[in-house]
Amino acid sequence: MVPSVSPSKKGSVSIAADLLAWYDAHRRRLPWRALPGQKPDPYAVWLSEIMLQQTTVTAVKPYYERFLSLWPNVKALAAAPVEEVMKAWAGLGYYSRARNLHACAIAVAERHAGIFPDSEEALRALPGIGPYTAAAIAAIAFGHRAVVVDGNVERVVTRLFTIDTPMPSAKPLIRAKADTITPDARAGDFAQAMMDLGATICTPKTPACVLCPLAGHCIARAEGTQPRFPVKAPKAERPHRTGAIFYVRRADGKVLVCRPPKGLLGGMLEFPGSEWRVGFTQDEALTHAPIETTWRRKIGSADHVFTHFSLALTVYTGEVPRQTAAPEGAQWMDEGELASEALPSVMHKVMQHALGV
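A brief structural summary. Just so it is clear, the structure is predicted and the values come from calculations on it, not from any experiment. (Residues numbered from 1 in each chain as written. Predicted model: local features only at pLDDT ≥ 70, side-chain atom pairs only at ≥ 80, totals over all residues. Heavy atoms only, no water.)

### As for the overall build of the protein chain
Assigned secondary structure in the protein chain consists of 15 helices and 6 strands. C-alpha extents for the protein chain along the principal axes are approximately 75 × 45 × 30 Å. In the protein chain, buried positions account for 48% of the 357 residues. Partitioning the contacts of the protein chain with sequence separation of at least 6, the portion at a separation of at least 24 is 69%. For the protein chain, the exposed surface amounts to about 17,400 Å²; the carbon and sulfur share of it is 54%. With 40 positive and 33 negative side-chain charges, the protein chain shows a spacing of 5 Å between the two charge centroids. (Helix = DSSP H or I, 4+ residues; strand = E, 2+ residues; numbered from the N terminus. Buried < 20%, exposed > 50% of the residue type's maximum accessible area, 1.4 Å probe, protein only. Contact = heavy atoms within 4.5 Å. Areas by Shrake-Rupley, 256 points an atom, 1.4 Å probe, with all protein chains shown as cover. Lys, Arg positive; Asp, Glu negative; His and termini not counted. Charge placed at Lys NZ, Arg CZ, Asp CG, Glu CD.)

Right, dumping it as structure tokens:
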């Protein structure tokens with residue numbers, strides 16, 4: 001039987017020391033992470049932190065490497081056309097991150113001469129950088145003491161201290177507890193160690209407690225209640241939205257596309273269509289058609305699941321003469337180019353459904 005423990009009695013210094021010793025031996029090698037003895041690159045830290053928001057390390061790696069090859073520093077990214085940035089981001093999801101990424105690069109280039117500020121306050125003033133990202137950059141890139149709490153850290157802390165408050169209401173308490181164990185020295189390594197611990201040892205369903213450097217500090221392990229934490233509030237039912245979308249081909253092989261500046265996919269290439277909403281009916285679908293032609297409704301729908309809602313798009317296809325002009329806000333693009341275009345995932349599904357792939 002594991003004896004009862006309390007992190008507060010064992011001491012925050014011991015927790016940090018045990019974790020950092022484990023990190024020195026077992027740290028993950030990640031393309032954006034500085035090697036021991038190397039000085040972290042604030043641009044690499046910022047870029048990776050934005051990409052990693054609600055996205056896995058595996059998914060981010062190729063995008064990070066592509067961005068770095070295209071735009072090796074913040075000034076290069078700031079000078080890039082936003083359309084090219086959005087194109088390189090396509091498929092990674094949460095497209096507001098890409099718009100904010102570009103806006104932040106411009107702000108750093110213009111306001112700070114291309115050098116990231118090192119304080120949390122100044123970092124939070126930049127587009128797309130919230131409290132977590134500001135803390136992560138301040139700690140990892142600049143070595144300042146900052147309390148960095150992502151999903152992995154939340155899981156570790158709720159188990160260490162058996163925090164029974166359901167998420168997300170527990171977030172302020174989790175941050176306060178994380179603050180008590182964050183060391184003054186090596187705060188960046190500590191933050192990355194907590195992330196690594198949650199990602200590789202203190203996992204959601206089957207934590208490898210026998211390998212955990214904090215096992216002796218963990219109340220949940222002592223009580224055998226690890227799977228309970230973090231406590232989650234009952235999930236609200238995900239709403240289901242529907243809409244209509246139009247895949248129209250011109251006689252010269254071009255397809256009508258648009259790039260709305262706002263909205264969930266704002267700045268990304270997409271096919272014209274209706275709004276997506278609960279209760280949308282196909283009786284009104286053709287009132288949203290971008291152009292006059294004979295529309296054919298495809299059987300079934302192009303389905304996609306976003307974080308906060310599921311979506312079913314009814315796809316309409318049509319053909320128009322070669323000389324047909326694009327309506328305002330849209331353009332014609334070679335269908336062959338579309339196959340290699342970095343479309344959002346939902347638009348890839350629309351195209352495949354329209355073509356019967």
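There is more to say, and it comes next.
### Some thoughts on the side chain of Gln 192
Inspection of the secondary structure assignment puts Gln 192 in helix H12 (residues 187-200). Assessed through its relative accessible area of 8%, Gln 192 is described here as buried. Not counting chain neighbours up to four residues away, the residues in contact with Gln 192 comprise Tyr 23, Arg 33 and Ile 140.

### Here's the deal with the pattern of salt bridges
A complete count under the given rule lists 15 salt bridges for this structure. A salt bridge links Glu 154 to Lys 171, with the nearest nitrogen and oxygen atoms 2.5 Å apart. Pair noted here: Glu 154 is in helix H10 (residues 151-161) and Lys 171 is in helix H11 (residues 171-181), with a separation of 17 residues, a long-range link. Relative accessible area serves as the criterion here: at 39%, Lys 171 is assigned to the partly exposed category. Of the charged contacts in the structure, one is a salt bridge between Glu 275 and Arg 277, with a shortest N-O distance of 2.8 Å. (Salt bridge = Lys/Arg side-chain N within 4 Å of Asp/Glu carboxyl O.)

### Considering the nonpolar core
Counting 102 residues, the largest nonpolar core has Trp 46, Phe 67, Phe 271 and Leu 338 as its most contacted members. For this core, the element with the most residues is helix H9 (residues 131-141), which contributes 8 residues. Excluding anything up to four places from it in sequence, Phe 271 contacts Ile 245, Phe 246, Tyr 247, Val 255, Leu 256, Val 257, Cys 258, Leu 338, Leu 343, Met 347, Val 350 and Met 351. In terms of nonpolar packing, the next biggest core, distinct from the first, is built from 11 residues, Ala 244, Val 248, Phe 280 and Trp 332 among them. (Core = buried A, V, L, I, M, F, W, Y, C linked by side-chain atoms within 4.5 Å.)

### Quick word on helix H15 (residues 345-355)
Since the α-helix turns once every 3.6 residues, residues separated by three or four places project in the same direction. Among the residues of H15, those classed as buried are Val 346, Met 347, Val 350, Met 351, His 353 and Ala 354. Each buried residue of H15 sits inside an arc of 165 degrees when the element is viewed along its axis, so together they form one side. Positive phi appears at Gly 356, one or two residues downstream of H15, with a value of about 70 degrees. (Arc of directions from axis to C-beta.)

### Concerning unusual backbone geometry
That bond from Met 167 to Pro 168 is cis: its omega, 0 degrees, falls within 30 degrees of zero. Cis geometry marks the peptide bond from Phe 229 to Pro 230; its omega dihedral reads -5 degrees. Its place among the elements puts Pro 230 in the loop between helix H13 (219-223) and strand S1 (240-250). With a phi angle near 45 degrees, Thr 162 is a residue other than glycine that sits in the positive phi range. Its location among the elements puts Thr 162 in the loop between H10 and H11. Positioned with a positive phi, Arg 186 is a non-glycine residue whose angle comes to about 55 degrees. Along the chain, Arg 186 falls in the loop between H11 and H12. Taking the relative accessible area as the measure of exposure, Arg 186 reaches 34% and is therefore partly exposed.

### With respect to empty space enclosed by the protein
Regions of empty space are outlined by a rolling probe, equal in size to a water molecule, passed over the atoms. Inspection of the entire model under this criterion finds 2 cavities of 30 Å³ or more. The computed volume of the largest cavity comes to approximately 120 Å³. Around the largest cavity sit 15 residues that line it, and Arg 159, Cys 202, Cys 209, Cys 212 and Cys 218 are the ones nearest its centre. Across the lining of the largest cavity, the residue classes tally to 12 nonpolar, 1 polar and 2 charged. Roughly 50 Å³ of volume is contained in the second largest cavity. Its residues placed into classes, the lining of the second largest cavity shows 8 nonpolar, 1 polar and no charged. (1 Å grid on protein atoms, 1.4 Å probe; cavity = no way out; pocket = protein on both sides within 12 Å on 5 of 7 lines; lining within 4 Å. Points joined across faces, edges and corners; volume = space filled by probe spheres on them. Nonpolar A, V, L, I, M, F, W, Y, C, P; charged D, E, K, R; others polar.)

### Some thoughts on the environment of Phe 116
Here Phe 116 is to be found in the loop between helix H7 (96-111) and helix H8 (120-124). Residue Phe 116 is classed as buried on the basis of its relative accessible area, which comes to 7%. Along the primary structure Phe 116 and Leu 126 are separated by 10 residues, whereas in three dimensions their C-alpha atoms are 9.7 Å apart. Setting aside chain neighbours within four positions, we find Phe 116 in contact with Pro 42, Tyr 43, Trp 46, Val 74, Val 108, Leu 123 and Phe 142.

### Considering the pairing of strand S2 (residues 254-258)
The element S2 is largely enclosed, with a buried count of 4 among its 5 residues. Alignment of S2 against strand S6 (residues 330-334), held across 5 bridges, turns out to be antiparallel. Looking across to S6, one finds that Val 255 is bridged to Met 333. (Pairing = 2+ DSSP bridges.)

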